[in-house]
Amino acid sequence: MRAKKARIYGIRLGGIGGQGNVALGIIFANAMAKAGRWVIQTQSHGAQVRGGLTKSDIIVSEHPIDYPEVESIDLLLCLHQVAIEAFAEDMDGNAILILDTTYVHSIPLVVERITRRIIKMPMSKLSVKHFNNEMFANTIALGVLTRCCKNIVDKEYVIEALKEHFRNRFEEENERAFALGYESVANIPFSL
Amino acid sequence: MSEFIFMQGDEACGMGAIKAGCRFFAGYPITPATDIAEYMSRELPKVGGKFMQMEDEISSISAVIGASLAGAKAMTATSGPGFSLMQEGIGYASMTETPCVIVDVQRGGPSTGLPTKPSQGDVMQARWGTHGDHPVIVIYPSTVGEVYRYIITAFNYAERYRTPVIFLMDEVLGHMRETFVLPDDNEIYIQPRIETKVKDEDIYHPYLPNEEGILPMERFGSEHRFHVSGLVHDESGFPVPSEETAKRLLRRLHDKIKRNEEDIILWDEEKCEDAEILLIAYGVTARSAMAALKEARDRKVKIGLFKPITLWPFPIHRLRELLCKVNTVIVPELNMGQILYDVARANRGRSEIIPLNKVNGDLITPEEILEAIYLAVKENEEL
């Protein structure tokens, strides 16, 4: 059993500008808010709109959160090689690491000392295969994320937040992409 | 029922302003305040308000003053470089006693500095940025929920005291999204524009206080003619360069704030009752301080936090009471030490004051504050 003390979880979504990880963070954080959690979402990116390293951080707790920055990364999603190289070392022990292997080609050695909870999935390739477009890679990632946080947020809230964000555009594709991500990790033995 | 919502700080600022009755916004986009302008451009027309994108910040503050005199609750939002440009207009609003709210979402400076990084570098500029011996009200929230709540307070003060109110935010607060409990309508007081009851055929004096010390307003361009001037003026608003008029005007400008400090000055306290060490922090830094406080209290350190919400007028009286009871004061700020001077003034040399400053564009972490706390504990034990 986990200790009673309020746990604060840190989630970092990394990639390069244009991959949609900031939007992903907003949607996922909004879903957690709908589930009644206290959430903070922040982002940072380089000066360029596309192509630079970006991160979107989520802090979630049962109680109001004081310090608004991620102090420990319990879950790291990397949609690109530059992200894993930048953030791998910041992971907490036994953190969950989710990788889009379309763009993450090699895992830094340091990861071996930190965690074995790694999910590798060629999300961008899967998006092209199913939707003829890379655009839905982050919705697939959202499905994976949701499964990994099943004790924090129900998938119904995430789907609601997803629809809200896209104002019902691409509804059918998004739902399929989400299910694709969620179902493919339905049986993993770990979650936050 | 209160609603639990998730929103960006800048958006909460816009939403709170509209709730407070703001119906005019003029501004020029600047990171990290642009999202406020975007929100207002989208939402103001829906409630019959007007949004104007101006050519710069000088015209923005001027348009806001004009709109306010014409009867609309008005606001602008900017960041450091634009705030500098607005200073002359802020002085004009102060002298002409025109209610308005100026939001400064601070970023790293001086000059264009660090557009996407936090800094608390404009604290003294908010107090003394415009020339002349003027009073000012400055409010500084530290959570997205407080942004919503206190921007309404800012409008209330602006209207009640006919003064510009400066609303300081941190870049982090403007850009981050956070959950908060949206207050019910019955938890919120909204001060309406106080309008003159002088009959159309009688003469209206725009600067003649009523029995409560309030200056009721008339919409510029409506029935009563009146004059607005930045020169020293009498009750009619017309310039009168006499010593007596100057003295009376300046005294009244200061007195209207001074006499109402009890209403204006807001602060929060945490665990101050038995504190031997006191943290004094505001804005986003107060959140780091709160996190550090909880950790230190877990380790039985007698520590308290004093968080000014109204930064000016500075809550000197309450702080002085607290300072009498503590040995050490730690003042973390995202600048080289600005509120520190007023803390020292309140302290009168009684307790040891330890500044904790950071100016690299990062937040002060709870660990950094904890380090200062433990050092202070050790030094106090050695005494």
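Residues numbered from 1 in each chain as written. Chains lettered and ligands numbered in written order. Predicted model: local features only at pLDDT ≥ 70, side-chain atom pairs only at ≥ 80, totals over all residues.

Visitor: Go over the interface of chain A and chain B, please, and point to the residues and values.
Guide: Contacts between the two partners involve 14 residues from chain A, matched on the other side by 15 residues from chain B. Mapped onto the side of chain A that touches chain B, the elements with two or more residues apiece are α1 (21-34) and β2 (38-45) of chain A. In terms of residue count, β2 of chain A provides more of the side of chain A that touches chain B than any other element does, five residues in total. When its residues are assigned to classes, the side of chain A that touches chain B shows eight nonpolar, four polar and two charged. The pairing of β2 of chain A with strand β8 (residues 177-182) of chain B spans two bridges and is classified as antiparallel. Counterpart to isoleucine 40 of chain A in the pairing with β8 of chain B is glutamate 178 of chain B. (Contact = placed C-beta atoms within 7 Å. Helix = DSSP H or I, 4+ residues; strand = E, 2+ residues; numbered from the N terminus. Nonpolar A, V, L, I, M, F, W, Y, C, P; charged D, E, K, R; others polar. Pairing = 2+ DSSP bridges.)

Visitor: Explain the pairing of strand β6 (residues 118-121) of chain A to me, using residue names and the numbers behind them.
Guide: Residues and elements named next belong to chain A. On β6, burial follows the alternation: Ile119 and Met121 on one face are buried, whereas Ile118 and Lys120 on the facing-out side are not. Pairing geometry for strand β5 (residues 91-100) and β6, over four bridges, is parallel. Bridge assignment links aspartate 100 to a residue of β6, and that residue is methionine 121. (Buried ≥ 20, exposed ≤ 12 C-beta atoms within 10 Å, placed from the backbone.)

Visitor: Tell me what's going on with the domain arrangement of chain B, and back it up with residues and numbers.
Guide: Residues and elements named next belong to chain B. As assigned here, chain B comprises domain 1 (3-187) and domain 2 (269-382). The C-alpha-based centres of domain 1 and domain 2 are spaced at 27 Å. With 22 residues of domain 1 at the contact, the number on the domain 2 side is 19 residues. Breaking the side of domain 1 that touches domain 2 down by element, the ones donating at least two residues are α5 (123-128), β6 (137-139), β7 (164-170) and α7 (171-175). Here the side of domain 1 that touches domain 2 gets four residues from one element, more than from any other, and that element is α5. When its residues are assigned to classes, the side of domain 1 that touches domain 2 shows 14 nonpolar, five polar and three charged. (Domains from an automatic or database assignment.)

Visitor: Describe the sheet that holds β7 of chain B, with residues and values.
Guide: All names here are of chain B. Strands sit in the order β3-β2-β4-β5-β7-β6-β12 across an open sheet of seven strands; the sheet is mixed. Strands at the two margins of the open sheet, each flanked by one partner only, are β3 (50-53) and β12 (310-312). In this sheet, adjacent strand axes meet at a mean angle of 25 degrees when their direction is disregarded. Most of the contacts of helix α3 (residues 57-69) go to strand β4 (residues 73-78), to which it runs at about 165 degrees, and overall it touches β2 (22-27), β3, β4 and β5 (100-106). (Axes fitted to C-alpha atoms, helices over the stretch in contact; angles between N-to-C directions.)

Visitor: Could you give an account of unusual backbone geometry, with specific residues and numbers?
Guide: All names here are of chain B. Between glycine 109 and the following residue, proline 110, the backbone shows a cis peptide bond with an omega angle of 0 degrees. Along the polypeptide, proline 110 turns up in the loop between β5 and α5. The step from tryptophan 312 to proline 313 runs through a cis peptide bond, and the omega angle for that step is -5 degrees. If you trace the backbone, proline 313 turns up in the loop between β12 and α11 (316-323). Positive phi is not limited to glycine here, since arginine 162 has a value of about 45 degrees.

Visitor: Pulling in residues and values, what's your account of the sheet that holds strand β11 (residues 303-308) of chain B?
Guide: All names here are of chain B. Read from one edge to the other, the open sheet built from five strands follows the order β9-β11-β10-β13-β14, with strand pairing classed as mixed. Of all strands in the sheet, those with a lone pairing partner are β9 (267-270) and β14 (352-357), marking the two edges. Each adjacent strand pair in this sheet contributes to an overall mean axis angle of 20 degrees, direction not counted. The pairing of strand β10 (residues 277-280) with strand β13 (residues 328-333) spans three bridges and is parallel. Within the sheet, the bridge partner assigned to isoleucine 277 lies in β13 and is threonine 328. Each of β10, β13 and β14 touches helix α12 (residues 340-347); the most contacted strand, β13, lies at about 165 degrees to it.

Visitor: Can you explain the nonpolar core? Please cite residues and give values.
Guide: Counting 171 residues, the largest nonpolar core has Ala141 of chain A together with Val103, Ile151 and Phe167 of chain B as its most contacted members. Residue contributions to this core peak at eleven residues, all from helix α6 (residues 144-161) of chain B. Once you skip the residues sitting within four places of it in the chain, phenylalanine 167 of chain B turns out to touch Val101, Ile102, Val103, Ile139, Ile151 and Ala154 of chain B. (Core = buried A, V, L, I, M, F, W, Y, C linked by C-beta atoms within 7 Å.)

Visitor: Lay out the packing of helix α4 (residues 123-131) of chain A against helix α5 (residues 137-148) of chain A with the relevant residues and their values.
Guide: Helix packing geometry: the angle between the two helix axes and the distance between the axes. Residue and element names in this part refer to chain A. Between α4 and α5, the shortest axis-to-axis distance is 8 Å and the interhelical angle comes to 120 degrees. In this structure, the crossing between α4 and α5 has a hand that is right-handed. In this structure, α4 uses Met123, Ser124, Leu126 and Ser127 to contact α5, whose residues at the interface are Ala137, Ile140 and Ala141. Here the contact of α4 with α5 is built from residues that sort into five nonpolar, two polar and no charged. (Left-handed = near helix turned anticlockwise from the far one by under 90°.)

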